[in-house]
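This is what each chain is made of:
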Amino acid sequence: MERQTNRCVAVGVAVMLGWAGLTGCSSDDESPISPASSAASVVKSGASELASAASSAAASAVASAAASAEAAASSALNEVKGGLDAKSDVTLGSVATDSDGKAEVPVTIANHDSKSRSYIIVVNFKDQSGNLADVVVLDVSQVAAGKTAKATARSNRDLTGTVTSEVRDALRY
């Protein structure tokens, strides 16, 4: 019975961590919420509780959770209609670990367009072996024409060791 319970807990945590993969984002701008951020906000409510629920019994589910988070991020990108590739508009700073054990990376978005634009950005956090450890979706609304905006991508769970980050995708809309 205990073995079956541990298996159920591991599967439950994996599924929940996959949904938690879209959270952990913040923007330094106070802007209206865009349609793309609604997908992230749906899963955000339970992310901190789910991340703390992960235990050594669910360690093998982490890779599956990261893959689920990546799939959820792709789904959020698909919600943006008419978006243009904007990876070249986005730069990441150095990854640091905050006092809660979460990885954070500063994000700078440069709007080279002649109109105010919004951006949805997917940031991958990778472990020291280059394996996907976490995925964050960042929604930055209304970056003024010819200006830059700053935001922070924050992992959903504690990441240990050397953590790197990369912009997986960025769309301007």
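Residues numbered from 1 in each chain as written. Predicted model: local features only at pLDDT ≥ 70, side-chain atom pairs only at ≥ 80, totals over all residues. Heavy atoms only, no water.

For the protein chain, the name recorded in an unreviewed UniProt entry is Lipoprotein, with Streptomyces sp. R11 as its organism.

K.L.:
Could you give an account of the pairing of strand β5 (residues 102-110), with specific residues and numbers?
P.N.:
Where strand β3 (residues 90-92) lies against β5, three bridges are found, and the strand directions are antiparallel. Paired with Thr91 across the bridge in β5 is Thr108. Note that strand β4 (residues 96-97) and β5 share two bridges and pair antiparallel. Counted as the bridge partner of Thr97 is Ala103 from β5. From the end of β4 to the start of β5, which pair antiparallel, there are four residues, and Gly101 there has a positive phi angle of about 85 degrees. In terms of strand pairing, β5 meets strand β8 (residues 148-158) through eight bridges, oriented antiparallel. Bridging across to β8, Lys102 finds its partner in Asp158. (Pairing = 2+ DSSP bridges. Helix = DSSP H or I, 4+ residues; strand = E, 2+ residues; numbered from the N terminus.)

K.L.:
Please set out the nonpolar core residue by residue, giving values where relevant.
P.N.:
Val90, Val107, Ile109, Ile121, Phe125, Val140 and Ala153 are the most contacted members of the largest nonpolar core, which totals 22 residues. Sorting the residues of this core by element identifies β5, β6 (117-126), β7 (132-143), β8 and β9 (164-172) as the ones contributing at least two each. No other element matches β7, which puts five residues into this core. Apart from the residues within four sequence positions on either side, Ile109 is in contact with Asp89, Val90, Tyr119, Ile121, Val140, Val143, Lys147, Thr148 and Ala149. The next biggest cluster of nonpolar side chains, apart from the first, holds seven residues, and it includes Val80, Ile120, Val135 and Leu171. (Core = buried A, V, L, I, M, F, W, Y, C linked by side-chain atoms within 4.5 Å. Buried < 20%, exposed > 50% of the residue type's maximum accessible area, 1.4 Å probe, protein only. Contact = heavy atoms within 4.5 Å.)

K.L.:
Got a sec to walk through the environment of Gln142? Specific residues and values, please.
P.N.:
Mapped onto the elements of the fold, Gln142 is located in strand β7. Discounting residues that sit within four places of it in the chain, Gln142 has contacts with Ser116, Arg117 and Ser118.

K.L.:
Please set out the confidence of the model for the protein chain residue by residue, giving values where relevant.
P.N.:
The predicted model of the protein chain has a mean per-residue pLDDT of 73, with 55% of residues at 70 or higher. Confidence drops under pLDDT 50 across residues 1-27; counting only partners more than four residues distant or on other chains, this segment forms 60 contacts. (pLDDT = per-residue confidence, 0-100.)

K.L.:
Tell me about the pattern of salt bridges, residues and numbers included.
P.N.:
For the structure on display, the rule yields eight salt bridges. Here Asp98 makes a salt bridge to Arg154, at a shortest N to O gap of 2.6 Å. In this pair, Asp98 is assigned in the loop between β4 and β5 and Arg154 in strand β8, connecting sequence segments 56 residues apart. Judged by relative accessible area, Asp98 falls into the buried class, the value being 18%. (Salt bridge = Lys/Arg side-chain N within 4 Å of Asp/Glu carboxyl O.)

K.L.:
Break down the sheet that holds β6 for me, with residues and values.
P.N.:
By definition, the strands of a sheet pair up through backbone hydrogen bonds, in either a parallel or an antiparallel sense. Taken together, four strands build an open sheet; the order of strands is β2-β9-β6-β7 and the sheet is antiparallel. Of all the strands in the sheet, just β2 (84-85) and β7 have a single pairing partner and so form its edges. Here β2 pairs with β9 via two bridges, running antiparallel. Note on β9: the bridge partner recorded for Asp85 is Leu171.

K.L.:
Describe the side chain of Asp89, listing the residues and the values that go with them.
P.N.:
Mapped onto the fold, Asp89 is located in the loop between β2 and β3. Excluding anything up to four places from it in sequence, Asp89 contacts Thr108, Ile109, Ala110, His112, Tyr119 and Arg172.

K.L.:
Can you break down unusual backbone geometry residue by residue, with the values?
P.N.:
At Gln142, a residue that is not glycine, the phi angle is positive and equals roughly 50 degrees. The class for Gln142 is partly exposed, based on a relative accessible area of 45%.

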